[in-house]
Amino acid sequence: MDVSATRALDENAGAQAAIKATARQLLVKLGAGGLTLEAVAREGGLAAADVEAVFPHRDDLLTALLIDAYNDSGAAMEQADQAARDAHAPAGARLLAVTRALRTWSFANPGEFTLIYGSPVPGYHAPQDTVPPASRTPAVLAGIVRSALEAGELTPPRRAVPGPPLLLPAALELFGGAPEAPFSDVIERGIVLWSNLIGLLVFQVFSRTHDSVRDESAFFDYAIAVAAEGIGLEVPLNETTD
């Protein structure tokens with residue numbers, strides 16, 4: 001590759017980064033539904049044609065922001081899990097560490113959190129490119145549950161999910177296959193845990209619990225421990241909260 005081509009790639013990458021940084025600021029001010037290429041150009045002091053040269057359509061920009069948000073939040077969880085594993089923490093402590101990491105990321109990046117977990121953006125349909133990044137969060141949770149199952153750290157449920165399995169093949173693949181009884185429904189229970197985690201974060205990021213509890217951080221830990229009971233996993237609550 002010649003020098004001019006390398007310089008062009010570097011300039012394009014720099015332009016992408018600058019445009020996305022401006023768009024993230026606007027996500028907080030306008031919300032994803034109000035994000036337009038024209039608004040990004042005005043906010044960043046750019047010509048609209050320069051923004052369109054990098055992101056021809058608003059949906060291209062939204063997709064890039066989604067992928068970054070999913071990757072950044074997933075990486076935060078993966079790093080927290082690796083640190084817990086390096087410390088030889090049991091599965092319950094690993095779960096607490098990764099959910100705390102996602103909470104920290106969510107509060108630090110409310111615009112991106114709202115983009116990926118808030119209301120759908122009218123007229124926007126996320127492409128297949130967003131699926132692998134979006135899978136990083138449930139993959140971390142699934143890995144912890146799988147480790148707990150293999151280590152004998154799960155308590156068998158008092159009742160199984162009634163009827164035939166409710167899972168799609170992708171969920172089974174993410175978990176690494178269907179577990180045997182008495183834990184045959186642990187994937188469904190893990191999805192409930194994942195749903196509880198995101199719902200809890202929505203409540204806290206959007207200030208739905210600040211007038212109900214004295215210590216939202218401690219309440220978060222408690223709620224994760226309660227949700228984890230649904231899969232038979234004990235979460236220690238004697239760790240220092242963030």
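Residues numbered from 1 in each chain as written. Predicted model: local features only at pLDDT ≥ 70, side-chain atom pairs only at ≥ 80, totals over all residues. Heavy atoms only, no water.

(A) Spatial organisation of the overall build of the chain. For the chain, the helix and strand inventory stands at 11 helices and zero strands. Its helices and strands taken in sequence order, the chain reads α-α-α-α-α-α-α-α-α-α-α from the N to the C terminus. When the backbone C-alpha atoms are referred to their principal axes, the chain occupies close to 60 × 45 × 40 Å. Expressed as a percentage of its 242 residues, the buried residues of the chain come to 40%. Surface exposure of the chain reaches about 13,100 Å², of which carbon and sulfur atoms provide 55%. (Helix = DSSP H or I, 4+ residues; strand = E, 2+ residues; numbered from the N terminus. Buried < 20%, exposed > 50% of the residue type's maximum accessible area, 1.4 Å probe, protein only. Areas by Shrake-Rupley, 256 points an atom, 1.4 Å probe, with all protein chains shown as cover.)

(B) Region of interest: a nonpolar patch on the surface. Taken together, the side chains of Tyr 222, Val 226 and Leu 237 present a nonpolar region at the surface, about 280 Å² in accessible area. With respect to the helices, strands and loops of the structure, Val 226 is situated in helix H11 (residues 216-229). (Patch = residues over 30% accessible without salt bridge, like charges linked within 9 Å, V, L, I, M, F, W, Y side chains within 5 Å. Salt bridge = Lys/Arg side-chain N within 4 Å of Asp/Glu carboxyl O.)

(C) Inspection of the UniProt feature "DNA-binding region" (unreviewed entry) in the chain at higher detail. As annotated by UniProt and renumbered to match this structure, "DNA-binding region" (unreviewed entry) occupies residues 36-55. In this annotation, residues 36-55 is assigned 75% helix and 0% strand; the end-to-end C-alpha distance for the span is 11 Å. (UniProt positions renumbered as here; feature names shortened; annotations may be inferred.)

(D) Up close: the UniProt feature "domain: HTH tetR-type" (unreviewed entry) in the chain. As annotated by UniProt and renumbered to match this structure, "domain: HTH tetR-type" (unreviewed entry) occupies residues 13-73. Between the end C-alpha atoms of residues 13-73 the distance is 21 Å, and the span holds 80% helix and 0% strand.

(E) Looking closely at the nonpolar core. Counting residues in hydrophobic clusters, the biggest one holds 63 residues, and the most contacted among them are Leu 35, Leu 61 and Leu 95. Considering every element that reaches this core, the biggest residue donor is helix H4 (residues 58-86), with nine residues. When sequence neighbours within four positions are dropped, the list of residues in contact with Leu 95 reads Leu 141, Ile 144, Leu 193, Ile 224, Ala 228, Leu 233 and Val 235. (Core = buried A, V, L, I, M, F, W, Y, C linked by side-chain atoms within 4.5 Å. Contact = heavy atoms within 4.5 Å.)

(F) Layout of the packing of helix H10 (residues 186-205) against H11. Look at H10 against H11: their axes get within 10 Å of each other, and the N-to-C directions meet at 165°. In terms of orientation, H10 and H11 fall into the roughly antiparallel class. When you trace H10 past H11, the crossing you get is right-handed. Counting all contacts with H10, which are made through Leu 193, Asn 196, Leu 197, Leu 200, Leu 201 and Gln 204, the residues of H11 involved are Glu 216, Phe 219, Phe 220, Ala 223, Ile 224, Ala 227 and Ala 228. Grouping the constituent residues of the contact of H10 with H11 by class yields 10 nonpolar, two polar and one charged. (Axes fitted to C-alpha atoms, helices over the stretch in contact; angles between N-to-C directions. Parallel < 35°, antiparallel > 145°, perpendicular 65-115°, else oblique. Left-handed = near helix turned anticlockwise from the far one by under 90°. Nonpolar A, V, L, I, M, F, W, Y, C, P; charged D, E, K, R; others polar.)

(G) Examining unusual backbone geometry more closely. Look at the link from Ala 181 to Pro 182: it is a cis peptide, with omega at 5°. Relative to the helices and strands, Pro 182 resides in the loop between helix H9 (169-175) and H10. Of note in the backbone geometry, His 88 takes a positive phi value of approximately 60° without being a glycine. With respect to the secondary-structure elements, His 88 resides in the loop between H4 and helix H5 (91-108). Using a relative accessible area of 72% as the deciding quantity, one classes His 88 as exposed.

(H) Geometry of the packing of aromatic side chains. Tallied over the entire structure, the rule returns three aromatic pairs. Summarising the aromatic geometry, the rings of Phe 113 and Tyr 117 are spaced 5.3 Å apart at their centres and angled 55° between planes, so their arrangement reads as tilted. Residue Phe 113 and its partner Tyr 117 are located together in helix H6 (residues 110-117), separated by four residues, close to a single helical turn. For the pair shown, Phe 113 and Tyr 117 are each scored as buried. Relative to Tyr 222, the ring of Phe 219 lies with its centre 6.2 Å away and its plane at 40°, an arrangement referred to as tilted. Residue Phe 219 and its partner Tyr 222 are located together in helix H11, separated by three residues, close to a single helical turn. You can call Phe 219 partly exposed: its relative accessible area is 28%. Ring pairing ties together the aromatic residues Phe 113, Tyr 117 and Phe 206, which thus form one cluster. A cation sits over an aromatic face here: Arg 103 above Phe 220, 5.5 Å from the ring centre. (Phe/Tyr/Trp six-rings, centres within 6.5 Å; stacked < 30°, edge-to-face > 60°. Lys NZ or Arg CZ within 6 Å of the ring centre and 35° of its normal.)

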